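Here is how the chains run, residue by residue.
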Amino acid sequence: MILHLNDTHDPALTSWVDTANEADTDFPLQNLPFGVFRRLEGPSLAIGVAVGDRILDLAKVLETGSFSASDALRDAAHQPSLNALMALPPAQHSHLRARLSAALSTTASAPLRRRVAPCLEPMSGVMLALPVVIGDYTDFLTSAWHTERHGRFKGLQEPLPRAFFSLPVAYHGRASSIRISGTDAVRPWGQIRSKDGSVRFAPSAAMDFELELAAYVGQGNEQGHRIPVADAGRHLFGYCLMNDWSAKDIQWWEQVLGPFLGKSFMTVVSPWVVTAEALAPFRGELPSRPEGQAPTPEHLATAEGTLDIAMEAWLQTRAMREAGTAPVRLSATTPRHLSWSFEQMVAHHTSNGCNMRTGDLLGSGTVSGEEASAMGCLTEMTAAGTVPLTLPSGERRHWLEDGDEVVLRARATREGFVPLGFGECRSRILPALPPG
Ligand code: CA
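Residues numbered from 1 in each chain as written. Predicted model: local features only at pLDDT ≥ 70, side-chain atom pairs only at ≥ 80, totals over all residues. Heavy atoms only, no water.

(A) Summary view of the overall build of the chain. Counting its regular elements, the chain contains 10 helices and 24 strands. Its C-alpha radius of gyration of 22 Å places the chain within 12% of the 22 Å reference for a compact globule of 436 residues. Dimensions along the principal axes, computed over C-alpha positions, put the chain at roughly 75 × 55 × 40 Å. Burial analysis of the chain (436 residues in total) assigns 54% to the buried set. Sequence-distant contacts, at least 24 apart, represent 74% of the contacts inside the chain between residues at least 6 apart. Of the charged side chains in the chain, 38 are positive and 47 negative; the average position of the first set lies 3 Å away from that of the second. (Helix = DSSP H or I, 4+ residues; strand = E, 2+ residues; numbered from the N terminus. Rg over C-alpha atoms; globule rule 2.2 N^0.38 Å. Buried < 20%, exposed > 50% of the residue type's maximum accessible area, 1.4 Å probe, protein only. Contact = heavy atoms within 4.5 Å. Lys, Arg positive; Asp, Glu negative; His and termini not counted. Charge placed at Lys NZ, Arg CZ, Asp CG, Glu CD.)

So this is what it looks like as structure tokens:
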């Protein structure tokens, strides 16, 4: 289903929350992403909506009776995760978005503003939490550039596997170790093959980030029933940024069946879920498919374009932090470079009857393009650790070192629309645990 534009996307809309009208905010009135937060003074989690530098407490605003809401929505708003909200029919999400937009708009009546204002609080005064209980996590591999470069580094005869343009390649990831932005990753230990062929158990010496876009499943499907590609958009609730921390040396030795311990120690996501509806104006072209490839299989063929947003990865080393030097941008890319859309990933994932469940997380795979500036991981930038990257600080990196912090950001912009941001996905590498 192609999400149509409506009043909530109107670029002329402004909010009585002044910071939502600032040109560089990630959270203008046209965004309204959902998250889960904890007040500093209490342990309980609440669902919030970001607007400017404020968070609107969803349960609290529904209690004011300012606008109509189903019993199911009221119940969902009181949960400590977004899952029950995400499981509602898309029409209810759309209705809620329209009501929130109207209540926060400068066109809202004075009495309505008076009821809603006490439900807002400064974002700086709360802690954001993992917004979704993620049952299953699947990471795809949809950039031909990333896949082919990795294939070459590994010396594969066919660096881009034949299946790549036939289906969106994926593996089942580990959901238990997905963490919220701000959580640091301890360098993992694992089996590593040395140049002389010996294998030792040691801390990874090839730590890398992977810049990815990820999507949360809203309504799932019954086992045995496919989600047709034309309906897949209705099952995608929203999007976030994801850093798929990787220990490439562990991964490259173990990967007989697929990635395992080289990935499962930690994956980090950004806290705000930017809804598919908010991103409706930012659809790009059809997924890229080089000439000479067989046509997209019929059950995966779609008329819908991929998301066209600007994604970036930034690095700040410990030395840079101590010297007060700003982070350096390592990567500027876009999902336009990907060969498969999230709708196609959902259709493929369920094409054998596999059931998706509310809260499942799908990663795009590293979002890399053709240009060196659009490489979404260090492995590509350093030719698998053989050509070091020299940073403006003079430091060199074959791989990430302890204390290195990676920050992912994304922004959707299009002429005629108000730009939306994703917030950030931030995480640092901590030293490995001692032996034993
Ligand atoms: Ca990945």
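Let us keep going from here.
(B) Structural context of the sheet that holds strand β2 (residues 45-51). The 5 strands lie next to each other as β4-β3-β2-β1-β5, forming an open sheet whose pairing is antiparallel. The strands lining the two open edges of the sheet, one partner per strand, are β4 (120-122) and β5 (126-129). Between one strand and the next, the sheet's axes are offset by a mean angle of 45°, whatever the strand orientation. Here strand β1 (residues 34-39) runs beside β5; their pairing, made up of 4 bridges, is antiparallel. Within β5, the position partnered with arginine 38 by the bridge is methionine 127. (Pairing = 2+ DSSP bridges. Axes fitted to C-alpha atoms, helices over the stretch in contact; angles between N-to-C directions.)

(C) A look at the coordination of the calcium ion. Summarising the metal site, the calcium ion is bound by the protein donors Asp139 (OD), Glu210 (OE), Glu212 (OE) and Asp244 (OD), whose distances to it range over 2.2 to 2.4 Å. Positions of the donor residues of the calcium ion, expressed as sequence spacing, correspond to D-x70-E-x1-E-x31-D. Pair noted here: glutamate 212 is in strand β13 (residues 211-217) and aspartate 244 is in the loop between β14 (236-243) and β15 (246-247), with a separation of 32 residues, a long-range link. Residue class for glutamate 212 comes out buried when judged on its relative accessible area of 0%. (Donors = N, O, S within 2.8 Å, 3.2 Å for Na, K, Ca; no water.)

(D) Broad picture of a nonpolar patch on the surface. A cluster of nonpolar residues, Val186, Leu430 and Leu433, forms a patch on the protein surface that exposes about 240 Å² of accessible area. Tracing the backbone through its elements, the reader meets valine 186 in strand β9 (residues 185-186). (Patch = residues over 30% accessible without salt bridge, like charges linked within 9 Å, V, L, I, M, F, W, Y side chains within 5 Å. Areas by Shrake-Rupley, 256 points an atom, 1.4 Å probe, with all protein chains shown as cover. Salt bridge = Lys/Arg side-chain N within 4 Å of Asp/Glu carboxyl O.)

(E) Main features of the pattern of salt bridges. For the structure shown, the criterion picks out 24 salt bridges. A salt bridge links glutamate 405 to arginine 428; its shortest N-O distance comes to 3.2 Å. Of this pair, glutamate 405 sits in strand β23 (residues 405-412) while arginine 428 sits in strand β24 (residues 420-430), placing them 23 residues apart in sequence. Overlapping salt bridges bring together Asp208, Glu210, Asp244, Lys248 and Lys263 as one network.

Everything listed here is a matter of coordinates, which is why it stays silent on function.
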